[in-house]
Amino acid sequence: KWDPSGTLLASCSDDCTAKVWDINSPRNDPKWDFKSHQQEIYTVKWSPTGPGSKNPSKPLLLATASFDGSVRLWSVADGACMRVLSRHRESVYSVAFSPSGDFLSSGSLAGQLYIWNVSNGAHIKSFKGNGDIFEVAWNTEETRVAACFSSNVVSVIDFKRP
């Protein structure tokens with residue numbers, strides 16, 4: 001997936017790694033090779049922050065979600081793991097940053113959705129539905145999160161900024 005500036009590309013793999021590639025670099029190896037997940041990484045998502053975004057003064061982050069039940073937030077500036085969000089007990093299939101980049105939603109197998117504060121990693125809200133969650137998404141006003149379940153249900157969860 002491309003970052004908001006269109007110059008960085010993130011990939012994830014069954015080898016438990018996520019990589020960030022700089023397309024403007026003459027190097028053939030990745031700029032960052034993130035290796036701390038214990039199982040396959042299912043998805044990666046860029047924050048809507050940093051150069052080329054609507055929130056250019058906030059640092060660019062990459063979220064990785066894994067079958068190990070964790071979500072990790074990575075600093076693209078220095079390659080450091082900023083946060084490990086480990087409340088899920090099942091594989092995490094989807095993550096989504098809020099439009100401001102201040103919050104992150106995550107959805108897992110067994111129907112568990114969490115909303116997190118990106119700056120301090122605090123768990124803010126939970127929702128439990130029936131079936132597995134395969135996608136989560138924010139509305140543009142940052143007041144609702146939708147979760148798509150394997151039970152053919154879409155739940156819309158109200159969110160109020162703390």
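Cut-offs used in this document
Residues numbered from 1 in each chain as written. Predicted model: local features only at pLDDT ≥ 70, side-chain atom pairs only at ≥ 80, totals over all residues. Heavy atoms only, no water. Helix = DSSP H or I, 4+ residues; strand = E, 2+ residues; numbered from the N terminus. Rg over C-alpha atoms; globule rule 2.2 N^0.38 Å. Buried < 20%, exposed > 50% of the residue type's maximum accessible area, 1.4 Å probe, protein only. Contact = heavy atoms within 4.5 Å. Areas by Shrake-Rupley, 256 points an atom, 1.4 Å probe, with all protein chains shown as cover. Lys, Arg positive; Asp, Glu negative; His and termini not counted. Charge placed at Lys NZ, Arg CZ, Asp CG, Glu CD. Salt bridge = Lys/Arg side-chain N within 4 Å of Asp/Glu carboxyl O. Pairing = 2+ DSSP bridges. Axes fitted to C-alpha atoms, helices over the stretch in contact; angles between N-to-C directions.

Now for the overall build of the chain. When helices and strands are tallied, the chain shows 0 helices and 14 strands. Going from the N terminus to the C terminus, the chain shows its helices and strands as β-β-β-β-β-β-β-β-β-β-β-β-β-β. The C-alpha atoms of the chain give a radius of gyration of 15 Å, which matches the 15 Å a tight globule of 162 residues would have. Its C-alpha atoms put the chain at 50 × 35 × 25 Å along the principal axes. Burial status across the chain gives 47% buried among its 162 residues. Long-range contacts, defined as pairs at least 24 residues apart, comprise 40% of the intrachain contacts of the chain with a sequence gap of at least 6. Surface summary for the chain: the accessible area is close to 8000 Å², and the carbon and sulfur share equals 51%. Averaging the positions of the 17 positive and the 16 negative side-chain charges in the chain gives two centres separated by 6 Å.

This paragraph deals with the pattern of salt bridges. Summed over the entire model, instances satisfying the criterion amount to 9 salt bridges. Asp-29 is the partner of Arg-27 in a salt bridge, and the nearest nitrogen-oxygen pair spans 2.9 Å. Note on Arg-27: relative accessible area 49%, which makes it partly exposed. Among the charged side chains, a salt-bridge network with shared partners connects Lys-58, Asp-102, Glu-142 and Arg-161.

Pairing in this open sheet of 4 strands is antiparallel, and the strands run 4-5-6-7 from one edge to the other. Each of the sheet's edge strands pairs with one partner strand only, and the pair in question is strand 4 (41-46) and strand 7 (81-85). Neighbour-to-neighbour, the strand axes of this sheet turn through a mean angle of 20°, independent of strand direction. Bridging between strand 5 (residues 61-66) and strand 6 (residues 71-75) involves 5 bridges; their strand directions are antiparallel. Directly across from Thr-64, in strand 6, lies its bridge partner Arg-72.

Let's shift gears to the sheet that holds strand 3 (residues 32-34). Strand order in the open sheet formed by 3 strands is 1-2-3, and the pairing between neighbours is antiparallel. Two strands bound the open sheet, and with one partner strand each, they are strand 1 (8-12) and strand 3. Averaged over all pairs of adjacent strands, the angle between strand axes in this sheet comes to 15°, irrespective of strand direction.

Right, let's talk about unusual backbone geometry for a bit. Positive phi outside glycine occurs at Ala-110, with the angle close to 70°. A positive phi is found at Asn-152, a non-glycine position, where the angle reads about 65°. Mapping Asn-152 onto the fold places it in the loop between strand 13 (144-149) and strand 14 (154-158).

Our next topic: the side chain of Ser-100. Secondary-structure assignment places Ser-100 in the loop between strand 8 (92-97) and strand 9 (103-108). Residues within four places of Ser-100 in sequence aside, it is in contact with Pro-48, Thr-49, Asn-55, Lys-58, Glu-142 and Arg-161.

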